[in-house]
Amino acid sequence: MNTRSTLRIAAGVAATGLAIGALAGCAAGGGGTDNDGNGDEVTITWWHNGTGEPLKSFWEEVAAEFEADNPGVKVDVQAFQNEELQRTLIPNALQAGGDAAPDLFMVWAEGEIKSQVEAGYLKDLSGLTDVIESIGGAGTGWNVDGKQYGIPYRFGIEGIWYNADLFEQAGITETPTTFTEFSEAINKLADLGVAPIGVGAGDGWPAAHWWYQFAIKTCSEDALKEAADTLTFDDPCFVEAGENLKAWMDEFDGDLPFQQNPTSTPAQSVPNSSAGLLAAQSTAMELMGTWHRGEVAKLVPGAPADNPPAPEWLAWMPVPDIEGAAGAPGAALGSGDAWGVYVDAPEETLKLLEYISSVDVQTRFAETGEIPTVAGAEAGITDPVLKQIAEGTVNAELVVTWLDTQYGPVIGKAMNDAIVNLMFGNGSPEDVPQAMNDAAATL
Amino acid sequence: MTAINEAGPALDAGPAPVGTRKRSARARRRQWGEVTLFAGPAVLVYLLFVLLPVVLAAYYSFFNWNGLGPLERFIGFDNYARVLTDPVFHRSVGNNFFILFLSLLIQGPLAILVALLMNRRLRFRGLLRALIFVPYVLSEVTAGLAWQIMLQSVPPARYGPIDTWLRMIGIENPPAWLADPNIVMWTMFGILTWKYLGLAIILMLAGLAGIPEDLYEAAALDGAGWWKTQWHITVPLLGPTIRIWAFLSIIGSLQLFDLVWIVTGGGPLHASSTMAVYMVEYGLNVTQIGYGSAVAVVLFLISLVVALIYQRFALRRDLQGALTTGVR
């Protein structure tokens, strides 16, 4: 019995030790490696959100090419689901610091990159002068206090995706360029028996983008800039934007111009989302960013699971101008995705970033069906619709970053909630800037 | 019978007591070893993953912190003042209690009735019991997504399956199950009942199995009818089971998150928000970690108070003895 109980206690101690070891291991061992390889070997950890094909393989290919050109450098490239990457993985890894932090990773414009810069997590990339020059105005969202902290690789403006077949059936021969023409088109589509515009107000932001469009066309460039800099929204143009939006919505009968039950309609992923409604030809139009083509393609009834082609009837037009509005007539809303570098990342990371931002890689990136940022790479765009968006982006006199991204998540959330309440609840135009100011007070 | 009761010596029983003092010291050591072995890992996990996060959340709740960088901006009780005065949070608390009371008032009696029915000799009883338990086994995300797709309609372009059936039987304009702020909580309650009724029924069936058959025989001899028997014998003897089920239901209602998050996301216009949904929306998703922690603490305190009151007044009889005596 003696030996047995001693053994048992020993086993217990060992088990407890193992448990502690395992727990401690969680804290110490989670993350990539920077310089701890043997000899001169350097490992660069690279995190992105391209979990789907063809992007996942494309980035792996680019990493392999870079490894081949730079002996002794290993690139560990990993794809993560977007929300998890943005909200959990990157903040936690940056907070942990050291080896746990990735070296090259996605950074989001304006408010978000600002807080990361303030916390001291990001390397100043202003030295990459050639790259910064070639991306031009697209880079401004990632510029904090005159220093460049992110290099965008994808950039485009949002517009109205529409069903060209339904437009033809409704007798709309030319795409509307003013809101008066736009309203006429909406009435024609309603007569046809389809819901003219789909909106995934269940997710908030897709509805809010309508207000953003009215805001950038109602507010002057200076008013927008001042609001973004000071995070105060007292300019009367923010109330006016809501009034104009509401006045436009009230032109129509019943639930128009949007589909019924907008507040329970999600934006993406499921057949009963607004993207699914457009894909099933139940709605004729939707205001969305460049990514929407892929979303719609996936949800076309009977679409194949791998690389579904975009439907032929899916077309794109810029958001029509509001006549007599005070804002810049050519203003557009848009943004993109960018790479940032961790403050203690090995020097080779900058070289990798330069390679990713080269005309060659960006051209091939465009060939996968994306809109690149580097001058010269647009030659890779073959698709006529994407070409149209790329041209629209270049031609826009002013590209304003999504307002919720610009003002940061706290104000963005309050703003989007208030806008949905204005459009589909019992909110007033005054409530929107009020909610934004209230949220700013909690920052 | 007796053979079973008088079990043989335990396998580990030691040799006859020789040298009592030495042995008792060793026995004590052995006892401590066993306590460490059996309770140690659990205590460790409890401390690390339950108590420590609670303490940390309470600490964070006094800061304005976005989760990045050090905790620097101490703001006292500001976060708490904001939670307690936010109308959206009030609405969320109201929704939690709406589910709580409806569960107790409707799910409980319904579960007892179904359990009584299924306790009788029925054809396909085993199959029925399994079917009733199926929704509980399904994962919340799967079930939530299925309900979302079945209920969401965009008339006249697209009707969900449920509205399509309703229209087939002549209900032309079914209610907007998920889009109408006045209806959405009833819809959620319906889904929750479908999801968790199975568990309640199984619990009640287990409780029923523990009621001695001879009580029913005695009642029958005295000429009691079926209803009278159920009311005077079954329900009182089912008391402990009902009270435990009610406790689980209360806690579940207060912490309700996953199904709501999947089916409505708290919408439309916050009409179906709950405390936990509010916490994720306004704490985690907008990276106001300090504020989210304050919401977590409030949620914890509300649950704790309700649980303590319930234990004090309803569970007292069931727990008496178990917690006050017989520990040694």
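J.: When you look at the pairing of strand 7 (residues 159-163) of chain A in this model, what are you seeing that I'm missing?
T.: Note on strand geometry: in a regular strand, side chains alternate between the two faces of the sheet. Residue and element names in this part refer to chain A. Of all the five residues making up strand 7, five are buried; the element is thus mostly covered by neighbouring parts of the structure. One ladder, built from four bridges, connects strand 7 with strand 9 (residues 283-288); its direction is antiparallel. Within the sheet, the bridge partner assigned to Trp161 lies in strand 9 and is Glu286.

J.: So what exactly am I meant to see when it comes to the packing of helix 13 (residues 275-284) of chain B against helix 14 (residues 289-313) of chain B here?
T.: The description of two helices packed together rests on the angle between their axes and the distance between the axes. All names here are of chain B. Where helix 13 meets helix 14, the axes come as close as 7 Å, and the angle between the chain directions of the two elements is 165°. One finds that helix 13 runs roughly antiparallel with respect to helix 14. Of the two possible hands of crossing, helix 13 and helix 14 adopt the one that is left-handed. Where helix 13 abuts helix 14, its residues Met275, Ala276, Tyr278, Met279, Tyr282, Gly283 and Leu284 lie against Ile289, Tyr291, Gly292, Ser293, Val295, Ala296 and Leu299. Taken together, the residues that form the contact of helix 13 with helix 14 break down as 11 nonpolar, three polar and no charged.

J.: What exactly am I supposed to notice about the sheet that holds strand 9 of chain A here?
T.: Backbone-to-backbone hydrogen bonds join strands into a sheet, with any given pair of strands oriented parallel or antiparallel. All names here are of chain A. What the four strands build is an open sheet, ordered 8-9-7-10; its pairing is mixed. Edge positions in the sheet fall to strand 8 (195-197) and strand 10 (314-317), since each has one partner strand and no second. Shown here is a sheet whose adjacent strand axes are inclined to one another by a mean of 25°, direction ignored. Bridge count between strand 7 and strand 10: four bridges; the pairing is antiparallel. The residue of strand 10 that forms the bridge with Trp161 is Trp316. Relative to the sheet, helix 15 (residues 384-395) contacts strand 7 and strand 10, its axis offset from that of strand 10 by approximately 10°.

J.: Can you help me understand the confidence of the model for chain B in this one?
T.: Regions with low pLDDT should not have their predicted coordinates read in detail. Residues and elements named next belong to chain B. Per-chain confidence: chain B averages 87 in pLDDT, with 90% of residues scoring 70 or above. The element-level mean pLDDT for chain B is lowest in helix 1 (residues 2-5), coming to 41, with helix 3 (residues 78-85) highest at 95. When the criterion is pLDDT under 50, residues 1-14 qualifies, and its contacts beyond four places in sequence or with other chains add up to one contact.

J.: In this structure, what is going on with the interface of chain A and chain B? I would like to understand it.
T.: How big an interface is tends to be expressed through the accessible area that disappears when the partners come together. Contact with chain A, which involves 39 residues of that partner, is made by 34 residues of chain B. If one sorts the elements of the side of chain A that touches chain B by residue count, helix 1 (residues 2-29) of chain A sits on top with eight residues. Looking at side-chain class alone, the side of chain A that touches chain B contains 17 nonpolar, 19 polar and three charged residues.

J.: What should I look at first to understand the nonpolar core in this one?
T.: In a soluble, globular protein the nonpolar side chains are often hidden away together inside. Formed by 176 residues in total, the largest nonpolar core has its most connected members in Trp211(A), Met415(A), Ile419(A) and Val295(B). Among the elements that make up this core, the one with the highest residue count is helix 16 (residues 403-424) of chain A (12 residues). Residue-level mapping places this core at the junction of two domains, with at least three residues from each of domain 1 (42-157 + 334-399) and domain 2 (159-333 + 403-440) of chain A. Discounting chain neighbours no more than four positions away, the residues touching Val295(B) are Val83(B), Tyr278(B), Met279(B), Tyr282(B) and Gly283(B). In terms of nonpolar packing, the next biggest core, distinct from the first, is built from five residues, Tyr60(B), Phe62(B), Phe63(B) and Trp65(B) among them.

J.: Would you mind going over the packing of helix 3 of chain B against helix 14 of chain B with me for this structure?
T.: Residues and elements named next belong to chain B. The geometry of helix 3 relative to helix 14 is characterised by a closest axis approach of 9 Å and an angle of 65° between their N-to-C directions. Helix 3 and helix 14 meet at a crossing whose hand is right-handed. Residues Asn79, Tyr80, Arg82 and Val83 of helix 3 touch helix 14, and the partners they reach there are Gly290, Tyr291, Ala294, Val295 and Val298.

J.: Quick question: what am I supposed to make of helix 7 (residues 179-192) of chain A here?
T.: Along an α-helix, residues three or four apart share an orientation, since each turn contains 3.6 residues. Residues and elements named next belong to chain A. Helix length check: helix 7 (14 residues) gives 20 Å between terminal C-alpha atoms against 20 Å at 1.5 Å per residue, within 8%. Residues Phe179, Phe182, Ala185, Ile186 and Leu189 constitute the buried set of helix 7. Looking straight down helix 7, one finds its buried side chains confined to an arc of 110°; they lie on one side.

J.: Is there a simple way to think about the domain arrangement of chain A in this case?
T.: Residue and element names in this part refer to chain A. As assigned here, chain A comprises domain 1 (42-157 + 334-399) and domain 2 (159-333 + 403-440). Taking only C-alpha atoms into account, the centre of domain 1 sits 27 Å from that of domain 2. Going through the elements one at a time, helix 4 (111-118), strand 6 (151-157), strand 11 (331-341), helix 15 and strand 12 (398-401) are the ones with two or more residues in the side of domain 1 that touches domain 2. Among the elements that line the side of domain 1 that touches domain 2, the one with the most residues is helix 15, at four residues.

J.: When you look at the environment of Leu248(B) in this model, what are you seeing that I'm missing?
T.: Residues and elements named next belong to chain B. Within the secondary structure layout, Leu248 lies in helix 11 (residues 239-254). Classification of Leu248 by C-beta neighbours within 10 Å gives partly exposed; the count is 14. As for Leu248 and Ala307, which are separated by 59 residues in sequence, their C-alpha atoms are 9.7 Å apart.

J.: Got a minute to help me understand the environment of Val107(A) in this structure?
T.: Summarising the element assignment, Val107(A) is placed in strand 3 (residues 104-107). Taking the C-alpha atoms as reference points, Val107(A) and Tyr149(A), 42 residues apart in sequence, are found 8.7 Å from one another.

J.: Could you clarify how one ought to interpret the environment of Met436(A) in this entry?
T.: All names here are of chain A. Counting through the fold element by element, Met436 comes out in helix 17 (residues 431-440). Of the residues examined, Met436 has 25 C-beta atoms within 10 Å and is grouped as buried. Contacts of Met436, omitting those with residues within four sequence positions, involve Phe233, Ile411, Ala414 and Met415.

Cut-offs applied
Residues numbered from 1 in each chain as written. Chains lettered and ligands numbered in written order. Predicted model: local features only at pLDDT ≥ 70, side-chain atom pairs only at ≥ 80, totals over all residues. Buried ≥ 20, exposed ≤ 12 C-beta atoms within 10 Å, placed from the backbone. Helix = DSSP H or I, 4+ residues; strand = E, 2+ residues; numbered from the N terminus. Pairing = 2+ DSSP bridges. Axes fitted to C-alpha atoms, helices over the stretch in contact; angles between N-to-C directions. Parallel < 35°, antiparallel > 145°, perpendicular 65-115°, else oblique. Left-handed = near helix turned anticlockwise from the far one by under 90°. Contact = placed C-beta atoms within 7 Å. Nonpolar A, V, L, I, M, F, W, Y, C, P; charged D, E, K, R; others polar. pLDDT = per-residue confidence, 0-100. Core = buried A, V, L, I, M, F, W, Y, C linked by C-beta atoms within 7 Å. Domains from an automatic or database assignment. Expected span 1.5 Å × (residues − 1). Arc of directions from axis to C-beta.

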